[in-house]
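# Descriptive structure summary
If you want the building blocks of each chain, they are given just below.
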Amino acid sequence: MTETVDVVIIGAGFSGLYATYQLSKRYKVICFEKGDGVGGTWYWNRYPGARVDIQSVEYSYSFDEDLQQEWQWPEYFSAQPDLERYANHVADRFDLREHIRLSNAVESLRFDEQSDLWDVRTSAGDHVKCRYIIAATGALSIPNEPPWPGREDYEGLIYHTTDWPRGELDLANKRVGLIGTGSTGVQVAPILAQQAKSLTVFQRTPAYSMPSGNRAMDEEHERDWKENYPARREEILNTWGTSIVSYGEKSALECSEEEREEILERAWNSKSAFQMQVAFTDVMTDMEANGIVAEFIRNKIRDVVDDPETAELLCPKTYPVGGKRMCIDNGYYQTFNRDNVSLVDIRSAPIVEFTKTGLRTAQSEYELDVIVMATGFDAVTGSLMNMDVEGIDGIKLADKWKDGPTTYLGYMIAGFPNLLMVHGPMTPGAQAQMITTGEWQVDYLADLIDTMEAEGKTRVDTTPEAEQWWYEETQNVAMHMVHRHADSWYNAKNIEGKKGGFMIYVGGFPRFAELSRKAAENGWQGFNLQ
Ligand code: N01
């Protein structure tokens, strides 16, 4: 049976849930979700230690005043179970479940040029026609698993952190290998070290990380936020990184050494990794200023790690602070002082293959009972590229994006009418706080849909020229930022062979929002309403 609705939303993560809430008020909506529960990132990433790195009074919905007043976060930085509980609460409280179909992944999307409707087919066999698609598929949904040979011969267990088994995993007496030292590896390592017989950490590039200082929520802090929520939410949207921190007013280069140290110590104790990146005006734009912050962090690492050789290996020296996402941790560097933990440098001697009993690098062989892959994601484009998406004239999205994504303001792709994206390629993504900025983008797209419906239009598409303008803006702003000196998932350089330039807009959310707003005010410039 074929159903017809107005909008199909893909993904019941935080943006998909809000899109379902917002659009189901006036349109017929179905939200398809691959997982058997809601929460997206916070449904999938249930590895031990998974926790948000932005304080939860910020990293939460703003759309309903009662919700933000009544909800209580137990800790400053919420753990995955609390974030998943919150997503479920929102789904129940706002009666979203009637629109959501779980364990039901969208497999193909085909645009019908006669009717201007999308034809949607799913893993559970559903067949739906709809005017609009909202792809809230997440920037970090498809795991990156490097194709080292021999995997099928390995007799131990392999877990990617984003596909962690439910329930307790008994690691006592197990020799565990952890590959990857990004935000995820840094969070999971201390816990694996406590649980396992031994932990071997395979590091290609060290992270910059600072202690999270996570603690139980204190009443005064919570009350302060709840009394000031509307103003704080506005302030969040008006800051470069959509987080309320204290933005430095001086260049690192014009401060005396004592002044710098004082500012950096304060930033280090602020419990916000973002604060380190804005401690001075030029940390994110000037490599010399950035180098001062980098050296401060390296000295903190050297202070904590007992073995000088291990400490040096853990010190990032090849890219700037903030060039990749800076991490916050709960005892990461202290982990390397434990007798059961060792660090292997796979930059100088890369992993070559899995063996029957573990891993072989260019230098040695390691016997491991469990291998944990914290190797990140086929980020930003992976989720849509994994579906069979066909636009006008039979163009496949996988072909269109084979050399990297192009979008207009991250919302639309030329040749794929009525397909709208939240946190799409070339939006600020993880350079911003994704719940609040996701709400903002959903509201923007809801306005676009409302305009279409009010004007009796059936097709909105963008143009290659509009895409080109946005591509240049995205790449140009990156050329002024230190991000260009790091290989990361922001610029598609985390996976060998992946093509594309900057897929994350690093010009700041306020500029992105301003350009989006201007386009809407100028009669939806760049969006071709027909
Ligand atoms: O992934 P990553 P992640 N050979 O891509 C290594 C968000 N997040 O899951 O740096 C050897 O950052 C790779 O090495 P290198 C956050 O936005 C947030 O950790 O490419 N190593 C790196 O060490 C974050 O940015 C939170 O040299 C290989 C690691 O694997 C994003 O998710 C928590 C390799 C991957 O690091 C992704 O973080 C967790 C190879 N072939 C995540 N391929 C919080 O809110 C990859 N690696 C706290």
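Here, residues in each chain are numbered from 1, in the same order as that chain's written sequence. At least 70 in pLDDT is required for a residue's local features to be given in this predicted model, at least 80 for side-chain atom pairs to be given and counted, and no such filter applies to totals for whole chains, interfaces and linings, which use all residues. Only heavy atoms go into the side-chain values, all of them from the structure, while hydrogens and water stay out.

Turning next to the nonpolar core. Within this scheme, the nonpolar core is defined by two criteria: the residues are buried Ala, Val, Leu, Ile, Met, Phe, Trp, Tyr or Cys, and they are joined through side-chain atoms within 4.5 Å. The classification of residues rests on relative accessible area computed with a 1.4 Å probe and restricted to protein chains. Under 20% of the type maximum is buried, over 50% is exposed, and intermediate values are partly exposed. Grouped together as the largest cluster of nonpolar side chains are 140 residues, with contacts concentrated most on Tyr61, Ile134, Met276, Ile297 and Phe527. By the criteria applied, helices consist of DSSP H or I runs no shorter than four residues and strands consist of E runs no shorter than two, each listed in order from the N terminus. The greatest single-element share of this core, amounting to 9 residues, is contributed by helix H15 (residues 434-454). Two domains each provide a minimum of three residues to this core, namely domain 1 (2-38 + 96-142 + 379-529) and domain 2 (175-218 + 237-373). Not counting the four nearest positions on each side in its chain, Ile297 is found in contact with Tyr208, Ser209, Trp268, Met276, Val321 and Met326. Among the nonpolar cores identified, the runner-up in size contains 24 residues, and Ile30, Val128, Ile392 and Leu397 belong to it. Here the limits of each domain have been adopted from an automatic or database domain assignment. What makes two residues a contact is simply this: any of their non-hydrogen atoms within 4.5 Å.

So, about the site of the ligand. Here a residue counts as near a molecule or strand whenever at least one of its heavy atoms sits within 4 Å of it. Close to the ligand lie 26 residues, the nearest being Thr181, Thr184, Arg204, Thr205 and Lys324. Polar contact is the term for a pair of N or O atoms within 3.5 Å; when the atoms are in protein, one must be able to donate a hydrogen and the other to accept it, and sequence-neighboring residues count only if both atoms are side-chain atoms. A distance of 3.1 Å separates an oxygen atom of the ligand from a polar atom in the backbone of Asp53. Side-chain polar atom of Arg204 to an oxygen atom of the ligand: 2.8 Å apart, as the coordinates give it. For the ligand, whose unbound accessible area comes to 920 Å², protein coverage reaches 87%. Residues belonging to the shell around the ligand are distributed by class as follows: 10 nonpolar, 10 polar and 6 charged. Each of domain 1 (2-38 + 96-142 + 379-529) and domain 2 (175-218 + 237-373) gives at least three residues to the shell around the ligand. Using the Shrake-Rupley algorithm and a 1.4 Å probe, accessible areas are obtained, with residue cover drawn only from the displayed protein chains. The classification used treats Ala, Val, Leu, Ile, Met, Phe, Trp, Tyr, Cys and Pro as nonpolar, Asp, Glu, Lys and Arg as charged, and all other residues, Gly among them, as polar.

Buried residues of helix H6 (residues 219-227): His221, Glu222, Trp225 and Lys226, and no others. Buried positions in H6, seen along its axis, are confined to an arc of 130 degrees and lie on one side of it. In H6, the exposed positions angled more than 90 degrees off the buried face are occupied by Glu219 and Glu227. Tucked into the core, H6 has its buried residues touching helix H3 (65-70) and helix H7 (229-237). Here the arc refers to the set of directions running from the helix axis out to each C-beta atom.

Along its sequence, the protein chain is carved into domain 1 (2-38 + 96-142 + 379-529) and domain 2 (175-218 + 237-373). The C-alpha-based centres of domain 1 and domain 2 are spaced at 32 Å. The partner domain 2 presents 21 residues to the 22 residues of domain 1 that form the contact. Of all residues in domain 1, Val482, His485 and Pro510 bury the most surface against domain 2, accounting for 30% of the area lost on that side. Accessible area that two parts lose when put together, evaluated with a 1.4 Å probe and summed over both, is termed the buried area.

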